[in-house]
Amino acid sequence: MKRRKFLKNASLSGIGLALGKSLTSCAETTPSDSVISTLEVASLPLVIATWDVKNATAKAWEVLQNGGSALDAVEQGCRVEEANEKGQSVGKGGLPDRDGNVTLDACIMNQNGDCGSVVFLQNITHAVSVARKVMEDTPHVMLAGSGAEKFALQKGFKKENLLTEDSKKSWEAWKVKSEYSPIINIENHDTIGMLVIDKGGNLSGACTTSGLAYKLNGRVGDSPIIGSGLFVDNEIGAAVATGLGEEVVKTVGSFLVVELMRQGKSPQEACEIAIRRIVDKPNSNYKNFQVGYIAINKQGQTGSFSIHQWFSMTKFQQGKNETIQSEYFNKDA
Ligand code: SD4
């Protein structure tokens, strides 16, 4: 099935190494010693992100080159897409819910296992940076809705109207039929999940989105849920998800990918098993929605896998910034 046809059909009603030196330090701290000690470490640092987001990965790379941490890199990289008004599934210009409200979900996680998250945030473009402030400046992990917005304003974030003219037009066109079948967008897909391993082998990750277009007001997806949309374990690796968040939440997808790596699976194998977990559920409606995972392990090996074709991962390594098409499950289309 061609990409456009799939886009039409996909709906929420169906509800829509370059190798270098050997690693020793990690081998001492992980349970899968026998597997990991035989592996080699990829050239570090390394940045990966969901979809074709080369400007974002380039920014993260630049931050690392200028001495920034992996955490700084994921935050700054994600901000590129949040500020990109053309991207209709993240930050400013994100498609609204069915009532016309742009509501953002984001989270961030560092090498110490600290994390911060915002859900149902309105009027603030850089949700990922608010999530970082939640992590660093509060005793909490998650802030929601008006509380998250109030916190952001107190921290000096600017109040902005996130509904651009283009997104308003798309919403108005959708309203004509008002079908509650928001497409899982595999073409215009700037929901960004980013994972970075710095040259010292330390990991951080972030994820930010405006969620499903024309969702029910109040709907929150997987992206800000630690363990679902994102998980980082500095001893093992990290994973991030995109696609239909409900399915990711139901299988605690990113945590699952990291735990599979802990058991000795490669990032690629782990992403594939996590996708199978969704597809193999009784009555799975997987033909009608997309989910994709990307993952990285402590050695800098990476993997990505999705249910359907056209998911991609952007990778910046050794000065090379490239978008790689992912392998996928459903070859019948
Ligand atoms: C969500 N997982 O809100 C997000 C949407 C997404 O590409 O990733 N779109 O369910």
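Quick note: structure is the one above.
Attention in this report is confined to the structure presented alongside it. (Residues numbered from 1 in each chain as written. Predicted model: local features only at pLDDT ≥ 70, side-chain atom pairs only at ≥ 80, totals over all residues. Heavy atoms only, no water.)

**Section: the packing of aromatic side chains**
Defined as follows: Working definition: rings of Phe, Tyr and Trp (its six-membered ring) pair if their centres are within 6.5 Å, and the pair is stacked with planes under 30 degrees apart, edge-to-face with planes over 60 apart, and tilted otherwise. The helix count covers DSSP runs of H or I at least four residues long, the strand count covers runs of E at least two residues long, and both are numbered beginning at the N terminus. Burial status follows relative accessibility: with a 1.4 Å probe on protein chains alone, a residue under 20% of its type maximum counts as buried, one over 50% as exposed, and anything between as partly exposed.
According to the stated counting rule, one finds five aromatic pairs in the structure shown. Residues Phe-231 and Phe-255 carry aromatic rings whose centres are separated by 4.9 Å and whose planes lie at 85° to one another, so their mutual orientation is edge-to-face. Placement of the pair is Phe-231 in strand β9 (residues 230-233) and Phe-255 in helix α10 (residues 253-262), with a sequence separation of 24 residues. For Phe-231, a relative accessible area of 15% corresponds to the buried category.

**Comments concerning the state of the cysteines**
Selection criterion: Only a pair of cysteine sulfur atoms within 2.5 Å counts as a disulfide in this structure description.
With the rule as written, the count across this model stands at zero disulfides. Of all cysteine sulfurs in the structure, the one in Cys-207 sits closest to Cys-78, which takes part in no disulfide; the separation is 7.3 Å. Overall, Cys-78 belongs to the buried group, its relative accessible area being 0%. With no disulfide partner, Cys-107 has as its closest neighbouring cysteine sulfur the one in Cys-207, 5.5 Å distant.

**Some details on the site of the ligand**
Going by this rule: Nearness is judged by heavy atoms alone; a residue qualifies as near a molecule or strand once a single heavy atom is within 4 Å of it. For the purposes of these results, a polar contact is taken to be a pair of N or O atoms within 3.5 Å, where, inside protein, one atom must be able to donate a hydrogen and its partner to accept one; residues adjacent in sequence count only when each atom of the pair is a side-chain atom. Accessibility throughout is a Shrake-Rupley quantity obtained with a 1.4 Å probe, and a residue counts as covered only by protein chains that appear here. Think of it as three bins: nonpolar holds Ala, Val, Leu, Ile, Met, Phe, Trp, Tyr, Cys and Pro, charged holds Asp, Glu, Lys and Arg, and polar takes everything else, Gly as well.
Every residue close to the ligand is listed here: Thr-191, Gly-211, Leu-212, Arg-219, Gly-221, Asp-222, Ser-223, Thr-242, Gly-243 and Gly-245. Between the ligand and the protein, one listed contact pairs an oxygen atom with a side-chain N or O atom of Thr-242 at 2.8 Å. Between an oxygen atom of the ligand and a main-chain N or O atom of Gly-245, the distance comes to 2.8 Å. Calculation on the ligand without its partners gives an accessible area of 290 Å², and the protein chains cover 96% of this total. Looking at the shell around the ligand, its residues break down into one nonpolar, seven polar and two charged.

**Observations regarding the pairing of strand β13 (residues 312-317)**
The condition that has to hold: By definition, two strands form a pair when at least two bridges between them are found by DSSP.
In terms of burial, β13 is largely enclosed, as six of its six residues are buried. In β13, alternate side chains face the same way, and those of Ser-312, Thr-314 and Phe-316 on one face and Met-313, Lys-315 and Gln-317 on the other are all buried. In this sheet, β13 lies alongside strand β3 (residues 46-50) in antiparallel orientation, the contact comprising five bridges. For Ala-49, the partnering residue across the bridge sits in β13 and is Thr-314. When β13 meets strand β14 (residues 320-325), the two strands line up antiparallel, connected through six bridges.

**Observations concerning the pattern of salt bridges**
Basically, it comes down to this: In the sections that follow, a salt bridge refers to a side-chain nitrogen of Lys or Arg positioned within 4 Å of a carboxyl oxygen of Asp or Glu.
A complete count under the given rule lists 17 salt bridges for this structure. Across the pair Glu-62 and Lys-59 runs a salt bridge whose closest N-O atoms are separated by 3.4 Å. Residue Glu-62 and its partner Lys-59 are both found in helix α4 (residues 54-65); the two are separated by three residues, about one turn of the helix. According to the relative accessible area criterion, Glu-62 is partly exposed, its value standing at 40%. As a salt-bridge pair, Lys-92 and Glu-160 come within 2.9 Å of each other at their nearest N and O atoms. On the criterion of sequence distance, the pair formed by Lys-92 in the loop between α5 (70-83) and β4 (104-109) and Glu-160 in the loop between α7 (145-154) and α8 (165-177) is long-range, its members being 68 residues apart. The same class applies to Lys-92 as to Glu-160, namely buried. Counted as one network, the salt bridges with shared partners bring together Asp-72, Glu-75, Arg-132 and Glu-136.

**Describing the sheet that holds strand β12 (residues 302-306)**
Operational definition: The contact rule is simple, with two residues in contact once any of their heavy atoms fall within 4.5 Å. Orientation is described by axes fitted as lines to C-alpha atoms, over the contacting stretch for helices, and by angles from 0 to 180 degrees between their N-to-C directions.
The strand order across the open sheet built from five strands is β9-β10-β11-β12-β15, with neighbouring strands paired in mixed fashion. Strands with a single pairing partner mark the edges of an open sheet, and in this sheet they are β9 and β15 (327-328). Looking at chain direction, β9 and strand β10 (residues 237-243) are connected through four bridges and run antiparallel. By the bridge assignment for β10, Phe-231 is matched with Ala-239. Against the sheet, α10 touches β9, β10 and β11 (291-297), its axis set at about 145° to β10.

**A look at the nonpolar core**
Our working rule: For our purposes a nonpolar core is just a set of buried Ala, Val, Leu, Ile, Met, Phe, Trp, Tyr and Cys residues, chained together by side-chain atoms within 4.5 Å.
Counting 45 residues, the largest nonpolar core has Leu-195, Leu-230, Val-257, Val-291, Tyr-293, Ile-296 and Ile-307 as the members making the most contacts within it. Looking at which element gives the most residues to this core, the answer is helix α11 (residues 267-279), with six residues. Residues in contact with Val-291, not counting those within four places in the same chain, are Thr-242, Gly-243, Leu-244, Glu-247, Val-248, Ile-275, Ile-278, Phe-305, Ser-306 and Ile-307. Core analysis: the next-biggest nonpolar cluster, separate from the first, contains 39 residues, Val-47, Ala-49, Val-74 and Ala-206 among them.

**Brief notes about α10**
Residues separated by three or four positions in an α-helix point in the same direction, a consequence of the helix having 3.6 residues per turn. In terms of residue burial, α10 counts as a mostly covered element, since eight of its ten residues are buried. Structurally, α10 contributes buried residues whose contacts are with β9, β10, α9 (245-250), α11 and β11.

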